[in-house]
Amino acid sequence: ALLFIPKKPPYDFYTENYKKGLQLYSKSVFIEDKNKDLVPDYFKFLKGLVDSADLSLNISREMLQHNRQLKKIAAHLEKKVISELEKMQKNDRKTYTEFYEAYGTILKYGVYDQFGANKDKLQDLIMFKTRKSDDYVSLKEYVEAMPEDQKHIYYATGSNKAQIMNLPQMDGIKEKDYDVLLFTDDIDEFMVQVLNAYQEKPFKSLKQSEDDLLDDDKKKD
């Protein structure tokens, strides 16, 4: 397999007209231009080709859809892509950030889709800007930085950081020195309902967290 990710998505990437898929060859003989079964929807940005010595040259399109060998190739490609993206996120954050700004939304849809069937594969690739950081932070990095007394992963929703920072609950968060994930994408809240928790830390909306942010004296007041 020879795969690459275009730096920018095509103009029709988020429309129904966009057709995903990889070129498929058998023993270097061309079989199909865009085989959609080789890539899941959440990796539909992948371009490239697959050349297999195990497919029959006269295989029909109907047989291709049910071919076990093709499913094995697709599963292997998916693991490899996840591994490469995780490596890029860890070792070349600048390039990963460029990729994420172009395609992060489709990864979030992947987490949300099919009631979270693929959330364990994709959750570590998701990133957010936060109250404390204008750079993207992964869920793992957020949890690792949490103070010991913090029980939840807090998030707040708005159209931009300035609007979110003006929420009244933000004062209590600042006093506790907790960080907050900034949800500025429409899909974010739906996605987090499917995730529910990360590393056994439940997600909680800042708007529902006032009691968490008050000490006992303030609660009495």
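Going by the structure above, here's the rest.
Below you will find a few notes about this structure.

**Looking at the pattern of salt bridges**
At step 1: One pass over the full model with this rule turns up 12 salt bridges.
At step 2: Residue Asp185 is joined to Lys108 by a salt bridge in which the shortest nitrogen-to-oxygen separation is 3.2 Å. Of this pair, Asp185 sits in the loop between strand 8 (181-183) and helix 8 (187-195) while Lys108 is found in helix 3 (residues 93-116), placing the two residues 77 residues apart along the sequence.
At step 3: On the basis of relative accessible area, Lys108 is assigned to the buried category, the value being 6%.
At step 4: Through salt bridges with shared partners, one network takes in Lys7, Lys94 and Glu98.

**Digging into the packing of aromatic side chains**
At step 1: All told, the structure shown has 16 aromatic pairs when counted by the stated rule.
At step 2: Ring geometry for Phe13 against Tyr14: centres 5.0 Å apart, planes inclined by 85 degrees, an arrangement best described as edge-to-face.
At step 3: Looking at Phe13, the relative accessible area reads 1%, which means it is buried.
At step 4: Given a relative accessible area of 46%, Tyr14 falls into the partly exposed group.
At step 5: For the ring pair Tyr100 and Tyr136, a centre distance of 5.4 Å and an interplane angle of 70 degrees mean the geometry is edge-to-face. Of this pair, Tyr100 sits in helix 3 while Tyr136 sits in the loop between strand 5 (127-128) and strand 6 (137-138), and the two are 36 residues apart along the sequence.
At step 6: What links up through ring pairs into an aromatic cluster is the set Phe13, Tyr14, Tyr18, Tyr42, Phe43, Phe45, Tyr96, Phe99, Tyr100, Tyr103 and Tyr136.
At step 7: Above the face of the Tyr136 ring, Lys129 is positioned so that its terminal group lies 5.2 Å from the ring centre.

**Focus on the sheet that holds strand 8**
At step 1: The four strands are arranged 8-7-10-9 in an open sheet whose pairing can be described as mixed. Edge strands, defined here as strands with exactly one partner in the open sheet, are strand 8 and strand 9 (197-198).
At step 2: Alignment of strand 7 (residues 153-157) against strand 10 (residues 201-205), held across three bridges, turns out to be parallel. The residue of strand 10 that forms the bridge with Ile153 is Phe203.

**Observations regarding unusual backbone geometry**
At step 1: Positive phi, normally seen in glycine, also occurs at Lys27, with a value near 50 degrees.
At step 2: Note that Lys27 resides in the loop between strand 2 (22-26) and strand 3 (29-35).
At step 3: The phi dihedral of Asn196 falls on the positive side, at around 70 degrees, and the residue is not glycine.
At step 4: Under the relative-accessibility criterion, Asn196 is labelled exposed at 54%.

**Topic: the environment of Asp12**
At step 1: Tracing the sequence through the fold places Asp12 in the loop between strand 1 (2-4) and strand 2.
At step 2: Along the primary structure Asp12 and Lys72 are separated by 60 residues, whereas in three dimensions their C-alpha atoms are 29 Å apart.
At step 3: With near-sequence residues (within four places) excluded, Asp12 lies in contact with Asn17 and Tyr18.

Calculation criteria
Residues numbered from 1 in each chain as written. Predicted model: local features only at pLDDT ≥ 70, side-chain atom pairs only at ≥ 80, totals over all residues. Heavy atoms only, no water. Salt bridge = Lys/Arg side-chain N within 4 Å of Asp/Glu carboxyl O. Helix = DSSP H or I, 4+ residues; strand = E, 2+ residues; numbered from the N terminus. Buried < 20%, exposed > 50% of the residue type's maximum accessible area, 1.4 Å probe, protein only. Phe/Tyr/Trp six-rings, centres within 6.5 Å; stacked < 30°, edge-to-face > 60°. Lys NZ or Arg CZ within 6 Å of the ring centre and 35° of its normal. Pairing = 2+ DSSP bridges. Contact = heavy atoms within 4.5 Å.

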